[in-house]
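# Structural description and commentary
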Amino acid sequence: METITPQQMRKVEQNCEKMGVSLLLLMENAGRSIADYLKTSLKDLKRKKIVVVAGTGNNGGDGFAAARHMAREGADITVMLLGKAGDIKTAEAISNWQILEKMTRSVKLLTLPDKEALDMVSETIVRADVLLDAIFGTGIRGKIREPHSTAIDLINRSRGFKVALDIPSGLDPLDGRIHDKGVRADVTITMHKAKKGLLGQRKYTGEVVVVPIGVPPEAEES
Ligand SMILES: NC(=O)c1ccc[n+]([C@@H]2O[C@H](COP(=O)([O-])OP(=O)(O)OC[C@H]3O[C@@H](n4cnc5c(N)ncnc54)[C@H](OP(=O)(O)O)[C@@H]3O)[C@@H](O)[C@H]2O)c1
């Protein structure tokens, strides 16, 4: 499997932007590819209880975009943000969150700024049919704080089908080391190319599936 380091991926994204392929467009393609993969592999998303557990970076943003695409399939979707709306870091993730705020009939949105708020909805995570782990991707740094740490435990406790976006949260994208703990996914849907740290960590990654996000071949050149 062809791999890429987080640093190389950042360079590819910068090149995309210079060529006019914005990060927002890449995020849109990621969300669409994730939803398409799930629709095909799970056969039917109708009435499935799907919970997206999202962080405040672009990994969360990919989860927001995927939630919107899945809402068209008649799934029962809850998006849980581990933080407050004002904590969302990037313009692309904010933009996708603001769309979800307007989808008042098709998506339930929860903001969970601390462990106490998360504890109140723990059963929703544990009883989900499908869980999307959009907590951390390549942006993980240091010891995992709360409520993220408890969210990883709850995902692992669930019997639902666990889908990690780009990287299982807690796994280091470069060397595959585990930061304290990590999501044990059934499948990892990784964007553009497999991140190097995914190799040899099947216990955490499950099956690794690479999906396209519309990167022009010319953006690979340094
Ligand atoms: N589709 C696209 O266009 C696109 C583009 C780029 C990236 N991505 C996706 O987004 C990912 C990278 O996005 P990103 O750089 O924004 O990073 P990220 O992986 O989304 O993680 C960054 C977020 O996690 C928090 N965080 C990091 N370490 C933490 C810890 N130990 N405990 C608690 N919180 C922690 C950060 O908060 P603090 O800063 O407060 O620590 C920040 O909010 C990629 O893996 C990919 O999935 C998508």
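The structure under discussion appears in the preceding block.
Residues numbered from 1 in each chain as written. Predicted model: local features only at pLDDT ≥ 70, side-chain atom pairs only at ≥ 80, totals over all residues. Heavy atoms only, no water.

## Some points on helix α2 (residues 23–41)
Let me state the cut-off plainly: In this description a helix means any DSSP run of H or I spanning at least four residues, a strand means any run of E spanning at least two, and both kinds are numbered starting from the N terminus. Multiplying 1.5 Å by the residue count of a helix minus one yields the expected span of that helix. Relative accessibility thresholds used throughout: buried, under 20% of the residue-type maximum; exposed, over 50%; partly exposed, between the two (1.4 Å probe, protein chains only).
Here α2 is 19 residues long and its end C-alpha atoms lie 27 Å apart, about the 27 Å a rise of 1.5 Å per residue gives. Of the positions making up α2, those classed as buried are Leu23, Leu26, Met27, Ala30, Gly31, Ser33, Ile34, Ala35 and Leu38. Phi for Lys43, located one or two positions after α2, is positive at around 70 degrees.

## Some details on the nonpolar core
Rules: Grouping buried Ala, Val, Leu, Ile, Met, Phe, Trp, Tyr and Cys residues that are joined through side-chain atoms within 4.5 Å yields what is termed a nonpolar core. For this analysis, residues touch if any pair of their heavy atoms sits within 4.5 Å.
Core analysis: the biggest nonpolar cluster contains 44 residues, and Phe64, Met70, Ile77, Val79 and Leu132 have the highest contact counts within it. The element that contributes the greatest number of residues to this core is α2, accounting for 6 residues. Setting aside chain neighbours within four positions, we find Ile77 in contact with Ile50, Ala67, Met70, Ala71, Ser106, Val107 and Lys108.

## Let's talk about the sheet that holds strand β5 (residues 130–134)
Defined as follows: Only strands that DSSP links by at least two bridges are regarded as paired with each other. In this description, a line fitted to the C-alpha atoms serves as the axis of each element, helices being fitted only across the stretch in contact, and the angle between N-to-C directions of two axes falls anywhere from 0 to 180 degrees.
Read from one edge of the open sheet, 7 strands run β4-β3-β2-β5-β6-β7-β9, paired in parallel fashion. Among the strands making up the open sheet, the edge pair consists of β4 (107–111) and β9 (207–211). Here the strands of the sheet are splayed against their neighbours by 20 degrees on average, with no regard to which way each runs. Here β5 runs beside strand β6 (residues 161–165); their pairing, made up of 4 bridges, is parallel. Paired with Val130 across the two strands is Phe161, which belongs to β6.

## Observations concerning the side chain of Thr190
Put simply, the rule is: N or O atoms closer than or at 3.5 Å make up a polar contact, with two conditions inside protein: a donor-capable atom paired with an acceptor-capable one, and, for residues adjacent in sequence, both atoms drawn from side chains.
Assignment of secondary structure puts Thr190 in strand β7 (residues 187–191). Judged by relative accessible area, Thr190 falls into the buried class, the value being 0%. For Thr190, the side chain forms a polar contact with the side chain of Asp166, separated by 2.9 Å.

## Examining the side chain of His179
Mapped onto the fold, His179 is located in the loop between β6 and β7. A distance of 3.1 Å separates the side chain of His179 from the side chain of Asp172, its partner in a polar contact.

## Quick notes on the site of the ligand
The following threshold applies: For this purpose, a residue is taken to be near a molecule or strand whenever a single non-hydrogen atom of the residue falls within 4 Å of it. Using a 1.4 Å probe, the Shrake-Rupley method yields the accessible areas, and only the shown protein chains count as cover for residues. The residue classification treats Ala, Val, Leu, Ile, Met, Phe, Trp, Tyr, Cys and Pro as nonpolar and Asp, Glu, Lys and Arg as charged. All others, Gly included, are polar.
Residues in close proximity to the ligand total 22 residues, the closest being Thr56, Asn58, Gly137, Arg141 and Asp166. Thr138 places a main-chain nitrogen or oxygen 2.9 Å from an oxygen atom of the ligand. In this structure, Gly142 approaches the ligand through a main-chain N or O atom, which is 3.4 Å from a nitrogen atom. Burial of the ligand by the protein chains amounts to 83% of its free accessible area of 910 Å². Breaking the shell around the ligand down by element, the ones donating at least two residues are α2 and α3 (58–71). Split by residue class, the shell around the ligand holds 6 nonpolar, 9 polar and 7 charged.

## So, the packing of α2 against α3
Put simply, the test is: Angular relationships are summarised with four words: roughly parallel below 35 degrees, roughly antiparallel beyond 145, roughly perpendicular across 65 to 115, and oblique for the angles in between. Helix crossings are classified by the rotation of the near helix relative to the far one: an anticlockwise turn of less than a right angle makes the crossing left-handed, while a clockwise turn makes it right-handed.
Where α2 meets α3, the closest approach of the two axes is 7 Å, and the angle between their N-to-C directions is 55 degrees. If you check the angle between α2 and α3, you find them oblique. The crossing of α2 and α3 is right-handed. Residues Met27, Glu28, Ala30, Gly31, Arg32, Ile34, Ala35 and Leu38 of α2 form the contact with α3, whose own contacting residues are Asn58, Gly61, Asp62, Ala65, Ala66, Arg68, His69 and Met70. Residues of the contact of α2 with α3, tallied by class, amount to 8 nonpolar, 4 polar and 4 charged.

## Some remarks on the layout of surface pockets
For the record, the criterion: Think of a 1 Å grid over just the protein atoms. A cavity is a set of points where a 1.4 Å probe fits yet cannot get out, a pocket is an open set with protein on both sides within 12 Å along at least five of seven lines, and lining residues have an atom within 4 Å of a point. Grid points are joined across faces, edges and corners, and a volume is the space filled by probe spheres set on the points.
Estimated volume of the largest pocket: approximately 890 Å³. Forming the boundary of the largest pocket are 34 residues, of which Gly57, Asn58, Asn59, Thr138 and Gly139 lie nearest the centre. In terms of residues, the lining of the largest pocket owes the most to one element, helix α1 (residues 6–18), which gives 5 residues. When the residues that make up the lining of the largest pocket are grouped by side-chain class, the tally is 12 nonpolar, 12 polar and 10 charged. Space inside the second largest pocket adds up to approximately 160 Å³. Looking at the lining of the second largest pocket, the elements with two or more residues in it are β2 (49–54), β3 (76–81), β4 and α6 (122–126). It is β2 that provides the largest number of residues to the lining of the second largest pocket, a total of 3 residues.

As far as function goes, none of this settles anything; it's purely spatial.
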